[in-house]
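Listed below are the residues making up each chain.
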Amino acid sequence: MQILCSRSLRSPSRRRFFGGRIPLALCIVLAWVEAAPAQLPVTRLSGVFPPGGRQGESVEITISGTDLDSVDRLMFSHPGIVARPKLRDPAEFETAPQPVPNQFQIAVGADVPPGIYELRAVGKYGVSNPRAFAVGNLTEALEAEPNETPASAQEVALDAVVNGRSNRGGDLDHYRFAAKAGQRVLIECRARPLDSRLDAALAVYDAAGRELAREYDGSLHDTLVDFTVPADGAYTVKVHDFIYGGGDEYAYRLSLSTLPRVDFAFPPAGLPGSKANYQLYGRNLPGGKPAPGMTIDGKPLEVVTAAIELPAGAAAAQLPAETLIEPAEAGIDAAPYRLPTPRGMAEPVLIGFASAPIVVEQEPNDAPEKAQKLPLPCECAGQFYPQGDQDWFLFDAKQGEKYVIEVISQRQGSIADPFLLVEQITVDKQGKEQAKELKSEDDAGETAADPDFNTRHDDPIYRFTAPADGVYRVLVRDLYFGSRGDPRFVYRLAIRPEQPDFRLVALPKFSGSQANANQQPSIVWNPLLRKGGAELIEIVAVRRDGFDGEIIVTAEDLPPGVGAAPASIGPGGNSAALVLKASDDAPAAAAPFRLVGRAKIGDKQIEREARPAALVWAGQQRQMAARSRLSHALALAVSDVERAPFSVEAKDGAAWEMSRAGKLEIPLSITRRDGFAGPIQMTVSGLPRGFQRVNNLAVGDKADTAKLSLTIPANAPLGSFSIYLRATAKHSYRRNPEAAAAAAERQKELGQLATELAAAAKTATEAKKAAEKNEAETERLAEK
């Protein structure tokens, strides 16, 4: 259904006032029969252990989660990683090996590059949400308990990865390794990129128990101890969750490595299609030279030069999820680069796509009178380093010229908090320089389009119009420059003409049963379409340089029997919902699909594929933030047997239109299945700004029609906006009747076998008695 909002329907030329269409999508949410509403079962993963493996080797993993009934397949994001169920020997009365529930043998191809990939479980209740799976090139080991004390520390080799877990609250894990004096050992506990809840703290001790190093990062980065071995001998590493949490969801990969590590690239971006030299800073770099003055926590960095060619065309508008991409970073464009070394490829570092030619910051520029002159347009690459660093720049502009002045730092993985100051420089009659502040900006000030995928960031963005011909000065610094500085605080200062554009993120959502989203806890989710049912995909728009036009989003590559009406993100809007719907005869499926957004910008039609995202851990508004990230792909499933008990559709087609201050009466049709006849509650979600919340709509037992009334505010924004209905009901649900039927059939078979065995045993007993009688008679006759 589409609803058009115009200025007036009484104007003779009303068509030219139409701002666009408002599709009304219908999303069905089903509830349990119990008093407290709950969702129907959907396959969901919460943990994978071990959370990774080595190139060219196999590993046995166990998955955990909810609704894992009949999970018999894993889907990986890389074709070189293949899974098969683990089998056990057949038990008595079984004729063939049987799968071990939730356990799989994973084969990692030798050509799979090191990095973070994803797996999904496929079972009775669909395709699960993704969970991370790491591939490395070090020797792999499993944690062996008990290792709670230094005395019981587990022996591990250098240049190895230990897959471990904080099994319970307060758990301490100890590992002992031998090393030679002068070796630079990088001890890293990787957890967050693995979708783990662990927030790791590390400590290193010598053989006498003296603490030599301690580290807790406390940011989005994994915890790393850069340890130079003081003497030949044995050393112990202690690992624990910072607040001593634990459980199946607290897995980690602890690496003790002398292999190369790249911390960051400089410059952090380049023009699409260009080939240039980049400085890669890190540790244990092959052929690396000391980087003068570059240290992290007092540890020196090395540098190597690499010639990197960046892709062009459509690839320059992408952001591959080959590393952990947090929501704040989801709107930039970048390409991964892996440094080749004699010991294999290093893990990827992201190189951004610049919007203007790259200029490198030149020190000294730490005072206004030392400001560096910039040619426009450009992107100036710099660092908030050392502590106290401030960078000043000058540029010329003509009256009325428009530029975007923005800092890109947090959006490219830094934890810096950039501050921007723009000044107009004039000279008074006495020849004295005057500085007039035009703008000071701490962050972009964006609102969160979706609390479960919050794209807000602290990078300042300023749309600048020159008030007069002249010179303008810019200050860039970290907001906390007086107390910190880090060479990894790399930034891009862009001063360029406006380039209106957009990027999209698509997040599978459980639409919930609460009318007020603030009362609805988020739920880790992935769409399972029951025949005739619907599921929701939340779309978040990241708009650039003032683009506020309509974006139409369509679903593509859907499996047979699944459809979706286009969703519209209206002018100035930053989110919408796209509803997937399965027909009553949709065949079973488990497949990836895509969402594509299209918009007209100027005289060009722009197309952008939505970047898939996943909710990692649930949250609750104003209580606990949800945790999300970009994902490798979107996937959905269609049930092979289950049907939605009911569905709701708008009658009379999909298009509706109305003027401001008008009222819509939208007839609804209700289809009931499998004897469901109960009452249904419906709420409207996704209304544009300015609309009042619509009261809940209720329909009684057996009703097959309803009416939705929408009053359009007099100040409603013009354009096309997607809204949807959430319909909930209490419904008696029988879980996995096929499994119960199979169990009953198996019980029947075993009962029949038991009857046959009992009969055979009776016959054998009677035969034995007869034989014993004959034997006794033979012995009696022999005695005569």
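This text gives an overview of the structure that appears in the document.

## Section: the overall build of the chain
Scanning the chain for helices and strands turns up 1 helix and 59 strands. By the burial criterion, 52% of the 784 residues in the chain qualify as buried. Sequence separation of at least 24 residues holds for 71% of the intrachain contacts in the chain that already meet a minimum separation of 6. Of the roughly 34,400 Å² of accessible surface on the chain, a fraction of 51% belongs to carbon and sulfur atoms. Within the chain, one finds 89 positive and 100 negative side-chain charges whose respective centroids are separated by 6 Å.

## Brief notes about the pairing of strand β49 (residues 604-609)
When strand β48 (residues 589-601) meets β49, the two strands line up antiparallel, connected through 6 bridges. If you follow Val596 over to β49, its bridge partner there is Glu609. The hairpin formed by β48 and β49 contains 2 residues between the paired strands, and Gly602 there has a positive phi angle of roughly 65°.

## Concerning unusual backbone geometry
Among all residues except glycine, the phi angle is most often negative; among peptide bonds, the trans geometry is most common. Here the residue pair Glu145 and Pro146 is connected by a cis peptide bond, since its omega of 0° sits within 30 degrees of zero. Cis geometry is adopted by the peptide bond preceding Pro386, which originates at Tyr385 and carries an omega value of 0°. If you check the backbone angles, Asp297 has positive phi at about 55° while not being a glycine. Looking at the element boundaries, Asp297 is found in the loop between β25 (289-296) and β26 (299-309). Residue Asp297 is classed as exposed on the basis of its relative accessible area of 60%. The backbone phi angle of Ala661 is positive, close to 65°, even though this residue is not glycine. By secondary structure assignment, the location of Ala661 is in the loop between β54 (655-659) and β55 (663-672).

## Overview of the state of the cysteines
Considering all chains together, one arrives at 0 disulfides under this definition. Of all cysteine sulfurs, the one in Cys378 lies closest to Cys380, which takes part in no disulfide; the gap is 6.2 Å.

## Let's talk about the side chain of Ser414
In this fold, Ser414 is placed in the loop between β35 (402-408) and β36 (418-427). Side-chain polar atoms of Ser414 contact the backbone nitrogen of Ala416, separated by 2.9 Å. Excluding residues within four positions of it along the chain, Ser414 makes contact with Ser409, Arg488, Phe489 and Val490.

## Side note on the environment of Leu271
Note on placement: Leu271 falls in the loop between β23 (269-270) and β24 (275-283). Among the residues examined, Leu271 registers a relative accessible area of 33% and is labelled partly exposed. When the C-alpha positions of Leu271 and Glu379 are compared, they lie 9.9 Å apart, and in sequence the two are 108 residues distant. If we ignore the near neighbours within four places in the chain, the residues touching Leu271 are Leu310, Ala354, Ala356 and Pro357.

## Regarding the nonpolar core
Grouped together as the largest cluster of nonpolar side chains are 28 residues, with contacts concentrated most on Leu504, Ile551, Val553 and Leu595. When residues of this core are traced back to their parent elements, those giving at least two are β41 (501-509), β43 (534-544), β44 (551-556), β46 (567-569), β47 (575-582), β48 and β52 (634-643). Non-local contacts of Ile551, meaning those with residues more than four positions away in its chain, are made with Phe502, Leu504, Ala541, Arg543, Ala567, Ser568, Ile569, Gly597, Arg598 and Ala599. Listed in part, the 25 residues of the second largest apolar core include Met658, Phe676, Ile680 and Ile723.

## Let's talk about the pattern of salt bridges
Inspection of the entire model under this criterion finds 54 salt bridges. Linking Glu406 and Arg496 is a salt bridge whose minimum nitrogen-to-oxygen distance equals 2.7 Å. Taken together, the residues Glu406 in strand β35 and Arg496 in strand β40 (residues 490-496) connect sequence positions 90 residues apart. With a shortest N-O distance of 2.6 Å, Asp545 and Arg496 are connected by a salt bridge. Separated by 49 residues along the polypeptide, Asp545 in the loop between β43 and β44 and Arg496 in strand β40 bring together distant segments of the chain. Comparing Asp545 with Arg496, the two get one shared label, buried.

## Thoughts on the pairing of strand β3 (residues 44-49)
Among the 6 residues in β3, 6 count as buried, and that is most of the element. Pairing of β3 with strand β5 (residues 58-66), which is carried by 5 bridges, proceeds in the antiparallel orientation. Of the residues in β5, the one forming a bridge with Val48 is Ile63.

## Considerations on the packing of aromatic side chains
Going through the model one piece at a time under the given rule, you end up with 14 aromatic pairs. Taking 4.9 Å as the distance between ring centres and 15° as the angle between the ring planes, the aromatic pair formed by Phe264 and Tyr281 counts as stacked. Pair noted here: Phe264 is in strand β22 (residues 261-266) and Tyr281 is in strand β24, with a separation of 17 residues, a long-range link. Accessibility expressed as a relative area gives 6% for Phe264, which makes it buried. By way of ring pairs, the aromatic residues Phe395, Tyr403, Tyr462, Phe464 and Tyr472 are connected into one cluster. We note Arg197 situated over the ring of Trp617; from NZ or CZ to the ring centre the distance is 3.8 Å. It is Arg477 that lies over the ring of Phe419; its NZ or CZ is 4.5 Å from the centre.

## Remarks on the sheet that holds strand β8 (residues 98-108)
What the 4 strands build is an open sheet, ordered β3-β5-β8-β7; its pairing is antiparallel. Looking along the sheet, the strands with just one partner apiece sit at the ends: β3 and β7 (81-88). Looking at each pair of strands side by side, their axes are set apart by 40° on average, direction ignored. Of the strand pairs in this sheet, β7 and β8 are connected by 7 bridges, and their pairing is antiparallel. In the strand pairing of β8, Leu87 is matched with Pro99.

Calculation rules
- Residues numbered from 1 in each chain as written.
- Predicted model: local features only at pLDDT ≥ 70, side-chain atom pairs only at ≥ 80, totals over all residues.
- Heavy atoms only, no water.
- Helix = DSSP H or I, 4+ residues; strand = E, 2+ residues; numbered from the N terminus.
- Buried < 20%, exposed > 50% of the residue type's maximum accessible area, 1.4 Å probe, protein only.
- Contact = heavy atoms within 4.5 Å.
- Areas by Shrake-Rupley, 256 points an atom, 1.4 Å probe, with all protein chains shown as cover.
- Lys, Arg positive; Asp, Glu negative; His and termini not counted.
- Charge placed at Lys NZ, Arg CZ, Asp CG, Glu CD.
- Pairing = 2+ DSSP bridges.
- Disulfide = S-S within 2.5 Å.
- Polar contact = N/O pair within 3.5 Å; in protein donor to acceptor, adjacent residues only side chain to side chain.
- Core = buried A, V, L, I, M, F, W, Y, C linked by side-chain atoms within 4.5 Å.
- Salt bridge = Lys/Arg side-chain N within 4 Å of Asp/Glu carboxyl O.
- Phe/Tyr/Trp six-rings, centres within 6.5 Å; stacked < 30°, edge-to-face > 60°.
- Lys NZ or Arg CZ within 6 Å of the ring centre and 35° of its normal.
- Axes fitted to C-alpha atoms, helices over the stretch in contact; angles between N-to-C directions.

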